Amino acid sequence: MASPAASSVITALPETTDPLKIYTTIASLRSYRHPLLSTKSLGFVPTMGALHAGHLSLIRTAAKENDSVAVSIFVNPAQFAPTEDLAVYPRTLHTDVALLESLNAEFSADSTTRGRIEALFLPSVAEMYPHGIPLEENAQRGAFVTVQPLAAKLEGITRPHFFRGVATVVAKLFNIVQPDIAYFGQKDVQQSIILKRMVKDLHFPVQIRVCPTGREVDGLAMSSRNVYLGERRRAIAPVLYQALRASEDEYRRLAAQGGTVDAKAVLAKGLELLQPGKDVPFEIEYFSLADLQELEELGTVDPKKGAVLSAAVRMSPVEEGQGPVRLIDNIILEAEE
Ligand code: PAF
């Protein structure tokens, strides 16, 4: 009889000359990783699939900085509220696998890239959540990770379940994959701050690397959920980044005068721009200037400490069959040397 590890290693579905190794069970992924723990550094890119250029850029960085790369695709139920889009979240496995295989072809042809994608991990919900994972939090059973009070701020105000779900699944993935470095996009700045705190407080031997936000040519931050926007909302969506940039410019102008910077003046510049149109309505959930450690709202910014400008808007449906779409984005105002 085949061992559980061997029977759960399958090759990718599309035709290719260099198929990706796909691991669908925890035992099989561990049997890949375990013998390499002390010999090969592993960069890990956890994703929920529907891969876009932002994900590919994280994987390219991981391949440059490590001997090998693992990618996971797992649409994590624990980070969706019962009212959210778990059932319709974009699932594009065939395209994702083809993209990862083309990345490996690119890495083989590029002498500056050390690693290649050696493992695609596609765990099942049943194995990741052995007690099941109902979306109502009070019906959930088992072990969960919370990072307080960071998880209750900003995104946590309208999505109180979200970071508990993210921290829990990432903790599970780190325990299974045992990477040296894990790669996340700056677009989800609060997620990366929370995961850094989790890694520190729970003593995970993993480094968190945060890479620049992937952007469309008009500045819109890349997101798997942008496919929900439709033409009319997509045309308006870049205003979020434009508003953050306007606030950033105002911050730099005021900081150049010396001393601390008034947060209200910085935020006002962005908010002037962030005006919903009559035919494409949206609601500003937050437009924030907070410190980089605790995400506390600031009255004044000390340029020596830096800060994070971040925002979320909720765009209402404008056409038949659409649901609301949330857009988030941020700019880090780096601490001065
Ligand atoms: O950023 C994401 O795609 C998800 O939150 C993550 C980190 C893969 C956890 O499900």
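Structure shown above.
Residues numbered from 1 in each chain as written. Predicted model: local features only at pLDDT ≥ 70, side-chain atom pairs only at ≥ 80, totals over all residues. Heavy atoms only, no water.

**Student:** In this structure, what is going on with the site of the ligand? I would like to understand it.
**Tutor:** What surrounds the ligand is the set Pro46, Thr47, Met48, Asn76, Gln79, Val166, Val169, Phe184 and Gln191. Across the complex, the protein chains shield 87% of the 290 Å² of accessible surface that the ligand would expose by itself. Listed by contribution, the elements that provide at least two residues to the shell around the ligand are strand 3 (42–47) and helix 7 (162–177). The class makeup of the residues in the shell around the ligand is five nonpolar, four polar and no charged. (Near = heavy atom within 4 Å. Areas by Shrake-Rupley, 256 points an atom, 1.4 Å probe, with all protein chains shown as cover. Helix = DSSP H or I, 4+ residues; strand = E, 2+ residues; numbered from the N terminus. Nonpolar A, V, L, I, M, F, W, Y, C, P; charged D, E, K, R; others polar.)

**Student:** Would you take a moment to explain helix 2 (residues 26–33) for this structure?
**Tutor:** Each α-helix turn comprises 3.6 residues. Residues three or four places apart therefore point the same way. Of all the positions in helix 2, only Ile26, Ser28, Leu29, Tyr32 and Arg33 are classed as buried. Seen from one end, helix 2 has its buried residues packed into an arc of 165°, which puts them on one side. (Buried < 20%, exposed > 50% of the residue type's maximum accessible area, 1.4 Å probe, protein only. Arc of directions from axis to C-beta.)

**Student:** Help me understand the sheet that holds strand 9 (residues 282–290), please; the structure alone is not making it clear to me.
**Tutor:** Strands in a sheet are paired, the pairing made by backbone hydrogen bonds, and the direction either parallel or antiparallel. Spatial ordering of the open sheet is given by 9-11-12, a layout of three strands whose pairing is antiparallel. The sheet is open, and its two borders are formed by strand 9 and strand 12 (325–333), each paired with just one other strand. With direction set aside, neighbouring strand axes in the sheet form an average angle of 10°. Of the strand pairs in this sheet, strand 9 and strand 11 (residues 307–315) are connected by eight bridges, and their pairing is antiparallel. Paired with Leu289 across the bridge in strand 11 is Leu309. Where helix 10 (residues 239–255) meets the sheet, it contacts strand 9, strand 11 and strand 12, and its direction lies at approximately 20° from that of strand 12. Lying on the sheet, helix 11 (residues 263–273) is in contact with strand 9 and strand 11; it crosses strand 9 at an angle near 150°. (Pairing = 2+ DSSP bridges. Axes fitted to C-alpha atoms, helices over the stretch in contact; angles between N-to-C directions. Contact = heavy atoms within 4.5 Å.)

**Student:** Any chance you could explain the packing of helix 3 (residues 53–65) against helix 4 (residues 93–108) here in plain terms?
**Tutor:** Packed helix pairs are characterised by how far apart their axes lie and by the angle those axes make with each other. Between helix 3 and helix 4, the least distance of the axes is 11 Å, while the angle of their chain directions is 35°. The chirality of how helix 3 crosses helix 4 is right-handed. Along the contact surface, helix 3 presents Leu56, Ile59, Arg60 and Ala63, while helix 4 presents Leu99, Leu100, Leu103, Glu106 and Phe107. Looking at the contact of helix 3 with helix 4 residue by residue, the class counts come to seven nonpolar, no polar and two charged. (Left-handed = near helix turned anticlockwise from the far one by under 90°.)

**Student:** Looking at this structure, I do not really get unusual backbone geometry. What am I missing?
**Tutor:** A cis amide bond, omega -5°, links Gln148 with the succeeding residue Pro149. For Pro149, the position within the fold is in the loop between helix 5 (125–128) and helix 6 (155–158). For His203, which is not glycine, the phi dihedral falls at a positive 60°. Structurally, His203 can be placed in the loop between helix 8 (189–201) and strand 7 (207–211). Despite not being glycine, Leu295 shows a phi value in the positive range, around 60°. Position of Leu295 relative to the elements: it lies in the loop between strand 9 and strand 10 (300–301).

**Student:** What is the right way to read the pattern of salt bridges from this model?
**Tutor:** Any two side chains of opposite charge can pair, so long as their charged atoms come close to each other. Applying the stated criterion across every chain, the model contains 19 salt bridges. Among the salt bridges present, the one from Asp180 reaches Arg33, with a minimum N-O distance of 3.3 Å. With Asp180 in the loop between helix 7 and strand 6 (181–185) and Arg33 in helix 2, the pair connects residues that are 147 residues apart, well separated along the chain. Asp180 gets classed as partly exposed once you look at its relative accessible area, which sits at 30%. Taking relative accessible area as the criterion, Arg33 reaches 2% and is therefore assigned buried. Lys187 is the salt-bridge partner of Asp188, the closest N and O atoms lying 3.8 Å from each other. A relative accessible area of 25% means that Asp188 is categorised as partly exposed. (Salt bridge = Lys/Arg side-chain N within 4 Å of Asp/Glu carboxyl O.)

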